[in-house]
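This is what each chain is made of:
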Amino acid sequence: MKKCKFGVFGFPIEHSLSPVMHTAAFNALGMTGCEYKAYTVRPEELKEEIIKAQTEGFCGLNLTIPLKEKIMETDLIEPDDFSKKAGAVNTLHFKDGKIYGYNTDGEGAFKTLEYAGCQTNGKKILIIGAGGAARSISLFFAEQGNSLKIINRTAEKAQRLADEIVEKTGNKNVSGGGLSGWNDFDRADIIIQTTALGMGELKEVSVFDELPATKPRTELISECLAGKTVFDIVYNPEETAFLREAREGGAKTINGVMMLVFQGALSFEIWTGKKPDVGVMKKAVLEALKERN
Ligand code: SKM
């Protein structure tokens, strides 16, 4: 693969760090003829833009919000089993006149925990949120046999997602509910925050704001979370209000930087058959974050 085009489609897309991250990975492997750029693509333009990319000889694309689910409405791609079950694709591979679809978000979350030294085997996982990211992550861990509780402000949405995951994986230890109390945090070994809380206008908002305060919040946090792993998939800011409180309460915290890196590294491997240097990718993301903030 001497020269090839790659990119990420999304709407909006300006915030994406995938271009700097993948460019660094290509350069480190001496694949300087490969380019990776961000493209603004509205949902209604997705089909024609993918056909255009295929015609222009693209090798691979990432899809981000809100296109991962949108692509499933088209007949353009052949999704693998996991992305079909997830109902979302974040990686397209153009090969032999076909377009294959994959979803690397769930495995990206798994690898992030593994990288941080957190063993997930047999652990009880609490997932906060019931949107697209929660769907891929829950599906991945349900398939690994983990026991999961999915909680969301709208309890019915979490319940629906949990029911769907039970049906698709046969793992009956998956349940859903509202953000109703501290027990869910107390019972879990690992907590994964998958919503946009803590980002942009929601910068100061923490999941803990939604829970009943029966005594000082700092006490509740350390009682329920000390020594546990708390992972927030948000990477900008590098520490959300939720993650800060969890860290101050004695939890081991992980932000979303490595999640971006690992989902991207998995895409990279699908496209090129080569393992990129995740250290190089991480460095590129951290430098870009510093520049932007
Ligand atoms: O799933 C990933 C996607 O592959 C790339 C991305 C980005 O560039 O911000 C974010 C996630 O949706």
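All of these numbers come straight from a predicted model, not from anything done at the bench.

Q: Residues and numbers for the UniProt feature "domain: Quinate/shikimate 5-dehydrogenase/glutamyl-tRNA reductase" (unreviewed entry) in the protein, please.
A: When the UniProt feature table is mapped onto this chain, "domain: Quinate/shikimate 5-dehydrogenase/glutamyl-tRNA reductase" (unreviewed entry) is found at residues 119–168. Its end C-alpha atoms 24 Å apart, residues 119–168 is made of 52% helix and 22% strand.

Q: Residue-level account of the site of the ligand, with values.
A: In the neighbourhood of the ligand, the contacting residues comprise Val8, Ser16, Ser18, Asn62, Leu63, Thr64, Lys68, Asn90, Asp105, Tyr235 and Gln263. One of the side-chain N or O atoms of Gln263 is found 2.8 Å from an oxygen atom in the ligand. Relative to its unbound accessible surface of 310 Å², the ligand loses 90% to contact with the protein. Residue composition of the shell around the ligand, by class: three nonpolar, six polar and two charged.

Q: Quick one: what's the story with the sheet that holds strand 2 (residues 34–40), residue by residue and with numbers?
A: With respect to topology, six strands assemble into an open sheet ordered 2-1-3-5-6-4, the strand pairing being mixed. A strand with exactly one partner marks an edge of an open sheet, and here the two such strands are strand 2 and strand 4 (78–79). Note: strand 1 (residues 4–10) against strand 2, seven bridges, orientation parallel. Among the inter-strand pairings, Val8 is bridged to a residue of strand 2, identified as Ala38. The strands that helix 1 (residues 18–28) touches are strand 1, strand 2 and strand 3 (58–63); relative to strand 2, the one it contacts most, it runs at about 175°.

Q: Which residues make up the pattern of salt bridges, and what values do they have?
A: Counted by the stated rule, this structure contains 19 salt bridges. Ionic pairing is found between Glu56 and Lys5, a salt bridge with its closest N-O pair at 3.5 Å. Linking Glu56 in the loop between helix 2 (46–55) and strand 3 with Lys5 in strand 1, this pair joins segments that are 51 residues apart in sequence. When the shortest N-O distance is used, the salt bridge between Lys98 and Glu78 registers 3.8 Å. With Lys98 in strand 6 (residues 98–102) and Glu78 in strand 4, the pair connects residues that are 20 residues apart, well separated along the chain. Look at Glu78 and you get partly exposed, because its relative accessible area is 39%.

Q: How would you sum up unusual backbone geometry? Please name residues and give values.
A: In this chain, Ile65 is followed by Pro66 through a cis amide linkage whose omega measures 0°. Within the fold, Pro66 resides in the loop between strand 3 and helix 3 (67–70). Here the bond from Asn236 into Pro237 is cis, since omega is 10°, no more than 30 degrees from zero. Within the secondary structure, Pro237 sits in the loop between strand 11 (229–232) and helix 10 (241–248). In this structure, Asp96 is a non-glycine residue whose phi angle is positive, near 50°. Residue position: Asp96 is located in the loop between strand 5 (91–95) and strand 6.

Q: Report on the domain arrangement of the protein, specifying residues and quantitative values.
A: Split by domain assignment, the protein resolves into domain 1 (4–103 + 261–292) and domain 2 (107–255). Between domain 1 and domain 2, the C-alpha centre-to-centre distance is 26 Å. Between domain 1 and domain 2, the contact holds 14 residues from the first and 16 residues from the second. Interface of domain 1 and domain 2: buried area, both sides summed, is about 1,400 Å²; carbon and sulfur atoms make up 65% of it. It is Phe82, Lys85 and Phe262 in domain 1 that bury the most area against domain 2; as a group they hold 44% of the surface buried on that side. Run the count over domain 1 and domain 2 and you get four residue pairs in polar contact (both at pLDDT 80 or more). At the level of elements, helix 4 (81–86), helix 11 (257–272) and helix 12 (278–292) are the ones that each hand at least two residues to the side of domain 1 that touches domain 2.

Q: Describe in detail the packing of aromatic side chains, supporting the description with residues and values.
A: The full count for this structure, using the stated rule, is 15 aromatic pairs. Joined through ring pairs, the aromatic side chains of Phe6, Phe26, Tyr36, Phe268 and Trp271 make up one cluster.

Q: How would you explain the pairing of strand 7 (residues 124–128) if you had to name every residue and give the values?
A: Side-chain direction in a regular strand flips from residue to residue, so the side chains alternate between the two faces of the sheet. Taking burial as the measure, the five residues of strand 7 include four buried ones, the bulk of the element. By the bridge criterion, five bridges tie strand 7 to strand 8 (residues 147–152) in an arrangement that is parallel. By the bridge assignment, Ile125 is partnered in strand 8 with Leu148. Of the crossover connections in this fold, the one passing from strand 7 over helix 6 (residues 132–143) to the parallel strand 8 is right-handed. Sheet analysis places strand 7 next to strand 10 (residues 190–193), joined by four bridges and oriented parallel. If you follow Ile127 over to strand 10, its bridge partner there is Ile192.

Calculation rules
Residues numbered from 1 in each chain as written. Predicted model: local features only at pLDDT ≥ 70, side-chain atom pairs only at ≥ 80, totals over all residues. Heavy atoms only, no water. UniProt positions renumbered as here; feature names shortened; annotations may be inferred. Helix = DSSP H or I, 4+ residues; strand = E, 2+ residues; numbered from the N terminus. Near = heavy atom within 4 Å. Polar contact = N/O pair within 3.5 Å; in protein donor to acceptor, adjacent residues only side chain to side chain. Areas by Shrake-Rupley, 256 points an atom, 1.4 Å probe, with all protein chains shown as cover. Nonpolar A, V, L, I, M, F, W, Y, C, P; charged D, E, K, R; others polar. Pairing = 2+ DSSP bridges. Contact = heavy atoms within 4.5 Å. Axes fitted to C-alpha atoms, helices over the stretch in contact; angles between N-to-C directions. Salt bridge = Lys/Arg side-chain N within 4 Å of Asp/Glu carboxyl O. Buried < 20%, exposed > 50% of the residue type's maximum accessible area, 1.4 Å probe, protein only. Domains from an automatic or database assignment. Buried area = accessible area lost by both parts, 1.4 Å probe. Phe/Tyr/Trp six-rings, centres within 6.5 Å; stacked < 30°, edge-to-face > 60°. Right-handed = clockwise from strand over helix to strand, strands pointing away.

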